[in-house]
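Residue-level listing of the chains:
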Amino acid sequence: MWGSNGCEHVYLPLEGRSGGVLLMWNSSVVVMEESLLGEFLVTLIFRNTSDGFTWIFTSVYGATDPADYEQFWQEIQDVRLLMSGPWMLGGDWNAPLFASERSSIGGCNRNRRNFRKFVNKNSLVDIPMSGGSFTWTNSQNPPILLRLDRFIFTTDWEEKCIGVVQFRCRRPISDHAPVLLNCNENLTFSSRPSYIFAKKLQGLKFFIKKWGRETYGSLQAEVDKLEMLIDVYDSLEEIGGSLNEGDYAARESTKIKHNQASLNLTKKWFSRSKGLWLADGETNSRFFHKNSYYNHKINSINSLIVDGVMSHDKDIINEEAKRFYEEGFTEKVYGRPTFEGMELPKISVEQSIGMEKPIEEDEVKKVIWGFGRNKSPGPDGYKMEFFKDVWDIIKPELMAVMKEFQQTGYIDWRLNYTNIILIPKCEGASSMEFQGAFEDGRKITDGILIASELIDSREREGKPGLI
């Protein structure tokens, strides 16, 4: 790349034998539209020349002096306050993200906690790394090994890069190993079974959408075109009294195609709705569109009173909602019960053995077949109809996920996350206080969802707790 005419670069200078950031790119592939240089990082806004996609890239060199830790994390957080959009970050963080990313006990736990807090706060994705577990060595015997170098990114950036993989390259001289990030369009991954399964489902969406456009095009346009063609044959029949055998057969064939196209269009809108309009025989898509728009409008919170002032700023509304629920679900007095002196019921030896039996294929299939085919999809976008129709294809990898979960208790977060949407509980809600009141029709079981999210959050932070 350095020898090409399109090579451009920016850099932060070295400080002695450490520090420094060099960013190079090919201007025929991406165009740099804006730059921001700090003490520890370089941030650029790129625009892809192929599709116009705009995204942010931040290259970091983490603070090495404990006195600079707070400044480093504040500086990188300020980037998010100044820039919004798909974001990818990479470099030498000079801090592992997890305790397991250090070969021996020790290191600065405070800096590691700051790193994890930053990742969680900004909902960044940290994907597994192939090729090795560590990226740095102190070159001693025995050595201290750490994973200090990595790429992390937001989910909207990951959705654009199909099948992204992270790979540790060879380290011939330096104490750091290079890390390569690659968009893998072949959907070939190497890591835990649950990660592989989740990434393949994620990447498959791109090919399904492409196939759908190429195979069906615009379904509504196809339905309209076929209707016009049928009308032409009907007009010829009225004028001539009857159709010849060729035109008659062509009209019947067109009707069959129209019926199939209409069914596909109906399925499309059904998969995007939770209403009963299809079951009730409603096929007026314009009515459905207006009804969907109205529901979206009344279920949206477009303004909120924050500190006595009405605000329409989306970021301010998000922060106010976050503050409200953090205060409501943060305990003021810390206390936990213990099990001392408690006599808990025990399961039998036979029950214990039964619980540890390997999960069998028939059990998983029975659960999947117990779901309705056209139930509303989860966050991954796949209905149960998909899993039933391609069962023979996905079965080996899905069973590998089950085996991994049973043996390790681990499952990739992409397969086990929930989107929580804030919906006003009364018309014209202008304050978060309306959200805390008891409303007729609410169920006590709604608390199960909150409990599940609390457990998931605690597991991600790696903190002990008791439910």
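The shown structure was predicted, so the numbers you read here are calculated from the model rather than taken from an experiment.

**Description of the sheet that holds strand S11 (residues 149–154)**
- Strands sit in the order S3-S4-S5-S6-S11-S7 across an open sheet of six strands; the sheet is mixed. Single-partner strands in this sheet number two, and they are strand S3 (30–37) and strand S7 (124–125).
- Both strand S6 (residues 87–92) and S11 contribute to a ladder of five bridges, which runs antiparallel. Across the sheet, the residue bridging to Asp92 is Asp149, located in S11.
- Its contacts with the sheet put helix H2 (residues 109–121) on S6, S7 and S11, and the angle it makes with S11 is roughly 25°.

**Regarding unusual backbone geometry**
- In this structure, Pro142 follows Asn141 across a cis peptide bond, with omega equal to 0°.
- Here Pro142 lies in the loop between strand S9 (136–137) and strand S10 (145–146).
- You will see that Ser123, though not glycine, has its phi angle at about 50°, which is positive.

**Topic: a nonpolar patch on the surface**
- A cluster of nonpolar side chains, Leu229, Val232 and Leu236, forms an exposed patch at the surface whose accessible area comes to about 230 Å².
- By the element assignment, Leu229 lies in helix H5 (residues 219–240).

**What to know about the pattern of salt bridges**
- One pass over the structure, following the stated rule, counts 21 salt bridges.
- Of the charged contacts in the structure, one is a salt bridge between Arg150 and Glu101, with a shortest N-O distance of 2.6 Å. Taken together, the residues Arg150 in strand S11 and Glu101 in the loop between S6 and H2 connect sequence positions 49 residues apart. Accessibility assignment for this pair places Arg150 and Glu101 in one class, buried.
- The salt bridge partner of Arg150 is Asp126, with a shortest N-O separation of 3.0 Å. Highlighted residues: Arg150 in strand S11 and Asp126 in the loop between S7 and strand S8 (129–130), separated in sequence by 24 residues.
- Through salt bridges with shared partners, a single network forms among Glu101, Asp126, Arg147 and Arg150.

Definitions and limits used
Residues numbered from 1 in each chain as written. Predicted model: local features only at pLDDT ≥ 70, side-chain atom pairs only at ≥ 80, totals over all residues. Heavy atoms only, no water. Pairing = 2+ DSSP bridges. Helix = DSSP H or I, 4+ residues; strand = E, 2+ residues; numbered from the N terminus. Contact = heavy atoms within 4.5 Å. Axes fitted to C-alpha atoms, helices over the stretch in contact; angles between N-to-C directions. Patch = residues over 30% accessible without salt bridge, like charges linked within 9 Å, V, L, I, M, F, W, Y side chains within 5 Å. Areas by Shrake-Rupley, 256 points an atom, 1.4 Å probe, with all protein chains shown as cover. Salt bridge = Lys/Arg side-chain N within 4 Å of Asp/Glu carboxyl O. Buried < 20%, exposed > 50% of the residue type's maximum accessible area, 1.4 Å probe, protein only.

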